[in-house]
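This is what each chain is made of:
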Amino acid sequence: MSYDLGDVVPLGTTVRDANGNLANAGSMALTITQPDGTTVSVSPVVPVSTGTYAYDFPTIQPGRHVVRWVATGVNAGAYVDVLDVRDAVPTWIISLADAKNHLKLTTTSQDEEVRRWIGATTRCVEWFVGPVAVRTVTETHNVGCVGALALRKTPALELVTVAAVLDGGTSYDAAALDLDTDTGVVRRKSGGQLYGPLRVTYTAGRRIVPENIAGATELILQHLWRTRTGPGRPQLGTGDFDVTEPIPGLGYAIPNRALQLLDPDNVGPGMA
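Source: prediction; values computed, not measured.

The next subject is the pairing of strand β7 (residues 77-86). Pairing geometry for strand β1 (residues 2-4) and β7, over 3 bridges, is parallel. Considered in β7, the bridge of S2 is made with D84. In this sheet, β7 lies alongside strand β6 (residues 63-72) in antiparallel orientation, the contact comprising 9 bridges. If you follow V66 over to β7, its bridge partner there is V82. Connecting the antiparallel pair β6 and β7 is a turn made up of 4 residues, with G73 showing a positive phi of about 75 degrees.

What follows deals with the environment of T31. Positionally, T31 belongs in strand β3 (residues 27-33). Setting aside residues no more than four positions away along its own chain, T31 makes contact with T39, V40, S41, V66, V67 and R68.

So, on to the sheet that holds β7. Two strands in a sheet stick together by hydrogen bonds in their backbones, pointing the same way (parallel) or opposite ways (antiparallel). Strand order in this open sheet of 5 strands is β1-β7-β6-β3-β4, and the pairing throughout is mixed. Taken across any chain shown, the strands that pair with only one partner, and hence form the sheet edges, are β1 and β4 (39-42). Between one strand and the next, the sheet's axes are offset by a mean angle of 25 degrees, whatever the strand orientation.

Moving on, we come to the sheet that holds strand β11 (residues 156-164). Pairing is antiparallel across the open sheet formed by 3 strands, whose spatial order is β8-β15-β11. For this open sheet the edge positions go to β8 (135-141) and β11, each flanked by a neighbour on one side alone. Across the sheet, the mean angle separating the axes of adjacent strands is 20 degrees when strand polarity is ignored. Bridge count between β8 and strand β15 (residues 198-204): 7 bridges; the pairing is antiparallel. Residue T136 lies in a different strand from β15, and its bridge partner there is T203.

Cut-offs used in this document
Residues numbered from 1 in each chain as written. Predicted model: local features only at pLDDT ≥ 70, side-chain atom pairs only at ≥ 80, totals over all residues. Heavy atoms only, no water. Pairing = 2+ DSSP bridges. Helix = DSSP H or I, 4+ residues; strand = E, 2+ residues; numbered from the N terminus. Contact = heavy atoms within 4.5 Å. Axes fitted to C-alpha atoms, helices over the stretch in contact; angles between N-to-C directions.

Structure (structure tokens):
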């Protein structure tokens, strides 16, 4: 299960004796390793009831956290788990409301699972069409002396900074550069050369999501959602049997009708 940045996550573990009965440990310690490598340590953790330990952890960083409980003394043992925290601004193509409407879900009991599949579906769609939701991208271009460089993610919307990687290198004012938003090609307006290596920060995505991309996202989401109740690959005779050929890198995850909707914006697999 993923959590939103700022959520207070209820962590917990239990301890049992040699007979399998709940029992307190001599001492319990909790360590949470955050995405940036810093740790949160709680020791000792007092049991809320016999053999049951809990801690409410307020999240302050997006990313993967490692949770480790260590019991020492009597009934010693250890337990490790992970928790994922979403970024404050997730790059989803469709909203939870649109997803639930397409899946014909009317309750909130499966909202968290739907949100997770929206994220997975977004990555699949962007494999073909490049970034959809607007985000900031930073990448390094190991160019020498060139007349232009090509950004890796398109459509690119705006250059933010173009900075030298090496001490003494040349940085460039973004206003003095021309960006072809469709191809991601960057040139100096003066016609001069670019000297690298350069670290480029820019925004990429689409400020307006085309309806064909939104529709394809809903179709792929619906296709993947069905794996919860049946075989992962469509079966002959079912209403979803339109995945006839595997896609390199994605297998049978994409129905043909979704691919056809994405064709007008297809930039080639792996460009997102």
